[in-house]
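Geometric and topological summary
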Amino acid sequence: MTGVQTCALPIYLTYSFIVKENLNLLPKNISNSCDMIGECLCRGLKRFGIDQRSIEVNNKLTKNIGKRNCFNIFSRGEILIDKRKLIGSAQVRKKGVILQHGSILMNHLPSWENIDPVTMITLKEVLRRKIKYEEIIPFIVSGFEDVFNVKFKIGCLTDEEKALVADLEKKYIDQIH
């Protein structure tokens, strides 16, 4: 298992969960694996102080609520609070690896085009206070540790990994231009 990575952006906190398929930690069925990762996120949010009665892992098929934007569509495994999306997620499986990543809305709703703010909710709105990224990260990680019965170790990239990142950045930047 590679683990859980988070990245703070101005409006949301992103997470990514990467694991080799042959470790059989996730169900083969994508919907069920999205639900399992959603349970990790829910456990972390509950420990952070979100009322258990209002939080749920969406277990229904994708539902388009209007305007075309990923936060206006409810998919399996995403986290809803009072029927509004707090965490949007996506999963891909390639070359024997499962990657799921998502965005946790923090203190402000995004000002993207085609967004319907009625479909979204922020942590600030739920907890009625501004949330610092450093506050929530350990709780999100603890949800994954609990569900998968592991303990993550915080570490830095090796020199080899940093070189690989530089190569990939160059490759993909060159493709854009």
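Higher on the page you've got the structure.
Summary of the structure given here. Just so you know, the residues in each chain are numbered from 1, in the order the chain's sequence is written. Residue-level local features of this predicted model are given only where pLDDT is at least 70; pairs of side-chain atoms are given and counted only at 80 or more, and the full residue set underlies all totals for whole chains, interfaces and linings. For the side-chain quantities, the full set of heavy atoms in the structure was used; hydrogens and water were omitted.

1. Concerning the overall build of the protein
A count of helices and strands for the protein gives four helices and eight strands. Secondary structure counts use DSSP, requiring at least four H or I residues in a row for a helix and at least two E residues in a row for a strand, with both numbered from the N terminus. Shown N-terminal to C-terminal, the secondary structure of the protein runs as helices and strands in the order β-β-α-β-β-β-β-β-β-α-α-α. Note on exposure labels: buried denotes an accessible area under 20% of the residue type's maximum, exposed denotes more than 50%, and partly exposed covers the range between, all computed with a 1.4 Å probe on protein chains only. The buried share of the protein, reckoned over its 177 residues, is 40%. Residue contacts follow a heavy-atom distance rule, with two residues in contact if any of their heavy atoms lie within 4.5 Å. A separation of at least 24 residues holds for 57% of the contacts in the protein among residues at least 6 apart in sequence. As displayed, the protein offers around 10800 Å² of accessible surface, 54% of which is attributable to carbon and sulfur atoms. Computed by Shrake-Rupley with a 1.4 Å probe, the accessible areas treat only the displayed protein chains as cover when residues are assessed.

2. So, helix α3 (residues 133-148)
Expected helix span is given by 1.5 Å per residue-to-residue step, counting one fewer step than there are residues. Relative to the 22 Å expected for 16 residues at 1.5 Å per residue, α3 spans 23 Å between its end C-alpha atoms, a close match to the ideal helical length. The set of residues buried in α3 consists of Tyr-133, Ile-136, Ile-140, Val-141, Ser-142, Gly-143, Phe-144, Glu-145 and Phe-148.

3. Quick notes on the nonpolar core
For the purposes of this section, nonpolar cores are sets of buried Ala, Val, Leu, Ile, Met, Phe, Trp, Tyr and Cys residues that join through side-chain atoms within 4.5 Å. Leu-45, Leu-86, Leu-123 and Phe-144 are the most contacted members of the largest nonpolar core, which totals 35 residues. Of all elements in the fold, only β2 (12-20), α1 (30-48), β3 (55-57), β6 (79-81), β7 (84-94), β8 (97-105), α2 (123-127) and α3 reach the threshold of two or more residues within this core.

4. Side note on the packing of α1 against α3
Between N-to-C directions, angles span 0 to 180 degrees; the directions come from axes that are lines fitted to C-alpha atoms, helices contributing only their stretch in contact. Where α1 meets α3, the closest approach of the two axes is 7 Å, and the angle between their N-to-C directions is 130°. If you check the angle between α1 and α3, you find them oblique. Where α1 crosses over α3, the handedness of that crossing is right-handed. In this structure, α1 contributes Met-36, Ile-37, Glu-39, Cys-40, Leu-41, Arg-43, Gly-44, Leu-45, Arg-47 and Phe-48 to the contact, and α3 contributes Glu-135, Ile-136, Phe-139, Ile-140, Ser-142, Gly-143, Phe-144, Asp-146, Val-147 and Phe-148. Angles are sorted into four bins: roughly parallel if under 35 degrees, roughly antiparallel if over 145, roughly perpendicular if 65 to 115, and oblique for all others. Less than a right angle of anticlockwise turn of the near helix away from the far helix marks a crossing as left-handed, whereas a clockwise turn marks it as right-handed.

5. Topic: the environment of Arg-129
Residue placement: Arg-129 occurs in the loop between α2 and α3. Distance in space between the C-alpha atoms of Arg-129 and Asn-107 is 8.4 Å, their sequence separation being 22 residues. Not counting residues within four places of it along the chain, the set of residues in contact with Arg-129 comprises Phe-48, Asn-107, Lys-124 and Glu-135. A polar atom in the side chain of Arg-129 sits 2.9 Å from the side chain of Glu-135. Polar contact is the term for a pair of N or O atoms within 3.5 Å; when the atoms are in protein, one must be able to donate a hydrogen and the other to accept it, and sequence-neighboring residues count only if both atoms are side-chain atoms.

6. Quick word on the pairing of β2
Of all nine residues making up β2, seven are buried, and the element is well covered by its neighbours. Of the strand pairs in this sheet, β2 and β8 are connected by nine bridges, and their pairing is antiparallel. Note that in β8 the partner of Tyr-15 across the bridge is Gly-102. A pair of strands is labelled paired if DSSP reports no fewer than 2 bridges between them.

7. Thoughts on the pairing of β8
In this sheet, β8 lies alongside β7 in antiparallel orientation, the contact comprising eight bridges. Paired with Gln-91 across the two strands is Gln-100, which belongs to β8. Two successive antiparallel strands, β7 and β8, enclose a turn made up of two residues, where Lys-95 displays a positive phi of approximately 50°.

8. As for the pattern of salt bridges
Here, a salt bridge means any Lys or Arg side-chain nitrogen found within 4 Å of an Asp or Glu carboxyl oxygen. Throughout the structure, instances matching the rule amount to eight salt bridges. Of the charged contacts in the structure, one is a salt bridge between Asp-146 and Arg-43, with a shortest N-O distance of 2.6 Å. You can see Asp-146 sitting in helix α3 and its partner Arg-43 sitting in helix α1, a full 103 residues away along the chain. Exposure remark for Asp-146: the relative accessible area of 32% places this residue in the partly exposed category. Residue classification places Arg-43 among the partly exposed positions, given a relative accessible area of 31%. One network of salt bridges, with partners in common, ties together Glu-39, Arg-43, Arg-47 and Asp-146.

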